[in-house]
Amino acid sequence: MTAALAESSQEAPPGAARPRRGRRGRAGTRPRTFYLFVGPWIAGFVLLTLFPLGYAFWMSLTNTDGLSPNWSYVGIDNYLRVFQDQQTIASLGRTGIFMLATVPTGVAAGLLMAVMLNRDFRGRALFRALFYLPAVVPGVAAALTFKIIFDKNAGAANAVIGAAGGEPISWLADPWVRSVLILMILWGVGGSMIVSLAALQDVPRELLEAAKVDGAGPVYSFFKITLPILSPIIFFQVVTGVIGSLQVFVPSLLLAPVNGAAAVTAVPEGNYFFMVHVYAEYFAKSHFGYASALLWVLFLFVLLITGIVFKIGNRAVFYGGVDPTERKEG
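Quick caveat, the model's predicted, so the values are computed rather than measured.

K.L.:
Hey, could you run me through the pattern of salt bridges in this one?
P.N.:
Should their charged atoms come close, side chains of opposite charge can pair. Within the structure shown, the criterion is met by 2 salt bridges. Two residues, Arg-94 and Glu-269, come together in a salt bridge whose shortest N-O distance is 3.3 Å. A residue pair is termed long-range when its members are at least 10 positions apart, and Arg-94 in helix 4 (residues 86–117) and Glu-269 in the loop between helix 12 (250–254) and helix 13 (274–284) qualify at 175 residues. Judged by relative accessible area, which is 53%, Glu-269 ranks as exposed. Its salt-bridge partner being Lys-285, residue Glu-281 comes within 3.3 Å of it at the nearest N-O pair.

Spelled out as structure tokens, the structure:
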């Protein structure tokens, strides 16, 4: 009986926590569970991102055409050729001009539309939907639609000009074709409008009302209160717009006067951008090594331009109560 009492006294009280058994075993399964879940992503990242990047860099150091087994290692010759190829330099310059023409205009137009549609008026929801509708149209459909509208012989644009007594214009040839492309890009500015409109909803009304009580007009309130609060959203749109405009390709190809695989060789000079030149080197000339070097040069160029935009934005963007003029350089 004494032994039974001693054994019962060693038992844990009713409310006490009992020690876990097999804790080491369960803890050992945690790393395996973690890698089990992230394994598919790691495999996809290695196979679909790292390997293609490495393979493209290797091709940029060769003169391979992608088909023939006869190729040789040329080192950095392809990269040196980039800076000696006048067509490459010209296409890169056109791409930069296109970026400067579309990004600021698109962001400004989207912001202006958002400010107008942020007011309280009858039918506001309908106008918002109508202005946003072009942004959801696929790029291929939009390009083909504009190609039909601006066709020299049967397009609606020349029909209007002819009705006014004017002569038909070759819209899809130089020097007008770039204007058609810019107009098509700005036609889909509804996406920028929606982003700016959502940001306008978060502008504190009490700040605008306080400024109005102090005698500030709507223009002053917009530039001193609304615009600084919207600056991170504007900065985001500028960065994504710069990256997208430097890679413009499909609209230029679809606005060419001919269709099919031959379109890349018939793209007018005004729309012969850098990515069009890369496509031509790849599939029209089978210069896989040189085209891969062009893509790496484009990557570095995009990285440089984005870095410049970030450097400028670091001084102009207003983040949650931090004055950009007083922000310390990190």
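K.L.:
Teacher, can you tell me more about the packing of helix 4 against helix 9 (residues 190–200) here?
P.N.:
Describing two packed helices takes the angle between their axes plus the distance from one axis to the other. Close contact between helix 4 and helix 9 brings their axes to 8 Å; oriented N to C, the two are set at 50 degrees. Our classification of the angle between helix 4 and helix 9 gives oblique. Considering only the axes of helix 4 and helix 9, their crossing is right-handed. Of the residues in helix 9, those in contact with Gly-106, Val-107, Gly-110, Leu-111, Met-113, Ala-114, Val-115 and Leu-117 of helix 4 are Ser-192, Met-193, Ser-196, Leu-197 and Leu-200. Of the residues that constitute the contact of helix 4 with helix 9, the class distribution is 9 nonpolar, 4 polar and no charged.

K.L.:
Honestly, the environment of Phe-273 in this entry has me stumped. Any pointers?
P.N.:
Mapped onto the fold, Phe-273 is located in the loop between helix 12 and helix 13. The spatial distance from the C-alpha of Phe-273 to the C-alpha of Val-248 is 7.4 Å, given a sequence separation of 25 residues. Apart from the residues lying within four places of it in its own chain, the contact partners of Phe-273 are Ser-91, Arg-94, Thr-95, Phe-98, Leu-181, Val-248 and Ser-252.

K.L.:
So what exactly am I meant to see when it comes to the environment of Thr-64 here?
P.N.:
Note that Thr-64 resides in the loop between helix 2 (23–60) and helix 3 (77–82). Expressed as a C-alpha distance, the spacing of Thr-64 and Phe-288, which sit 224 residues apart in the sequence, is 5.8 Å. Apart from residues lying up to four places away in sequence, Thr-64 is in contact with Met-59, Trp-71, Ser-286, His-287, Phe-288 and Gly-289.

K.L.:
Quick question: what am I supposed to make of a nonpolar patch on the surface here?
P.N.:
Judged by side-chain polarity, Phe-34, Tyr-35, Trp-41, Ile-42, Phe-45, Val-46, Leu-47, Leu-48 and Leu-50 come together as a nonpolar surface patch covering roughly 970 Å² of accessible area. Mapped onto the fold, Val-46 is located in helix 2. With a relative accessible area of 37%, Val-46 lands in the partly exposed category.

K.L.:
Explanation requested: unusual backbone geometry in the structure shown.
P.N.:
The general pattern is negative phi for most residues beyond glycine and trans for most peptide bonds. Along the chain, Asp-174 connects to Pro-175 via a cis peptide bond; the corresponding omega equals 5 degrees. When you line up the elements, Pro-175 lands in the loop between helix 7 (156–163) and helix 8 (177–187). The backbone phi angle of Ser-286 is positive, close to 60 degrees, even though this residue is not glycine. Mapping Ser-286 onto the fold places it in the loop between helix 13 and helix 14 (288–316). Overall, the relative accessible area of 28% leaves Ser-286 in the partly exposed class.

K.L.:
Hey, could you run me through the packing of helix 10 (residues 205–213) against helix 11 (residues 218–245) in this one?
P.N.:
Across the interface, helix 10 lies against helix 11 with an axial gap of 10 Å and an inter-helix angle of 165 degrees. Judged on the interaxial angle alone, helix 11 and helix 10 are roughly antiparallel. Every pair of crossing elements has a handedness; the one defined by helix 10 and helix 11 is right-handed. Contact with helix 10, carried on its side by Leu-207, Leu-208 and Ala-211, involves Ser-221, Ile-225, Thr-226 and Ile-229 of helix 11 and no other residues of that element. Looking at the contact of helix 10 with helix 11, its residues break down into 5 nonpolar, 2 polar and no charged.

K.L.:
Whenever I open this one, the confidence of the model for the protein confuses me. Can you help?
P.N.:
If pLDDT is low for a region, its predicted coordinates should not be looked at in detail. Per-residue confidence for the protein gives a mean pLDDT of 85, with 87% of residues at or over 70. By mean pLDDT, the top-scoring element of the protein is helix 4 (93), and the lowest-scoring one is helix 1 (residues 2–9) (47). Within the model, the stretch residues 1–9 combines pLDDT values under 50 with 0 contacts to residues more than four positions away or in other chains.

K.L.:
Would you mind showing me how to read the packing of aromatic side chains here?
P.N.:
Two measures describe an aromatic ring pair: the distance that separates the ring centres and the angle between the ring planes. Enumeration over the complete set of coordinates arrives at 19 aromatic pairs. Relative to Tyr-35, the ring of Phe-34 has its centre 5.1 Å away and its plane inclined at 70 degrees; by these criteria the two rings are edge-to-face. Since its relative accessible area comes to 47%, Phe-34 is described here as partly exposed. Aromatic side chains Tyr-282 and Phe-288 sit 5.1 Å apart centroid to centroid with 80 degrees between the ring planes, which places their arrangement in the edge-to-face category. Classification of Tyr-282 by relative accessible area gives buried; the value is 13%. Here the aromatic residues Phe-146, Phe-150, Trp-171, Trp-176 and Trp-187 are joined through ring pairs into a cluster of three or more. We note Arg-81 situated over the ring of Tyr-290; from NZ or CZ to the ring centre the distance is 3.8 Å.

The rules we used
Residues numbered from 1 in each chain as written. Predicted model: local features only at pLDDT ≥ 70, side-chain atom pairs only at ≥ 80, totals over all residues. Heavy atoms only, no water. Salt bridge = Lys/Arg side-chain N within 4 Å of Asp/Glu carboxyl O. Helix = DSSP H or I, 4+ residues; strand = E, 2+ residues; numbered from the N terminus. Buried < 20%, exposed > 50% of the residue type's maximum accessible area, 1.4 Å probe, protein only. Axes fitted to C-alpha atoms, helices over the stretch in contact; angles between N-to-C directions. Parallel < 35°, antiparallel > 145°, perpendicular 65-115°, else oblique. Left-handed = near helix turned anticlockwise from the far one by under 90°. Contact = heavy atoms within 4.5 Å. Nonpolar A, V, L, I, M, F, W, Y, C, P; charged D, E, K, R; others polar. Patch = residues over 30% accessible without salt bridge, like charges linked within 9 Å, V, L, I, M, F, W, Y side chains within 5 Å. Areas by Shrake-Rupley, 256 points an atom, 1.4 Å probe, with all protein chains shown as cover. pLDDT = per-residue confidence, 0-100. Phe/Tyr/Trp six-rings, centres within 6.5 Å; stacked < 30°, edge-to-face > 60°. Lys NZ or Arg CZ within 6 Å of the ring centre and 35° of its normal.

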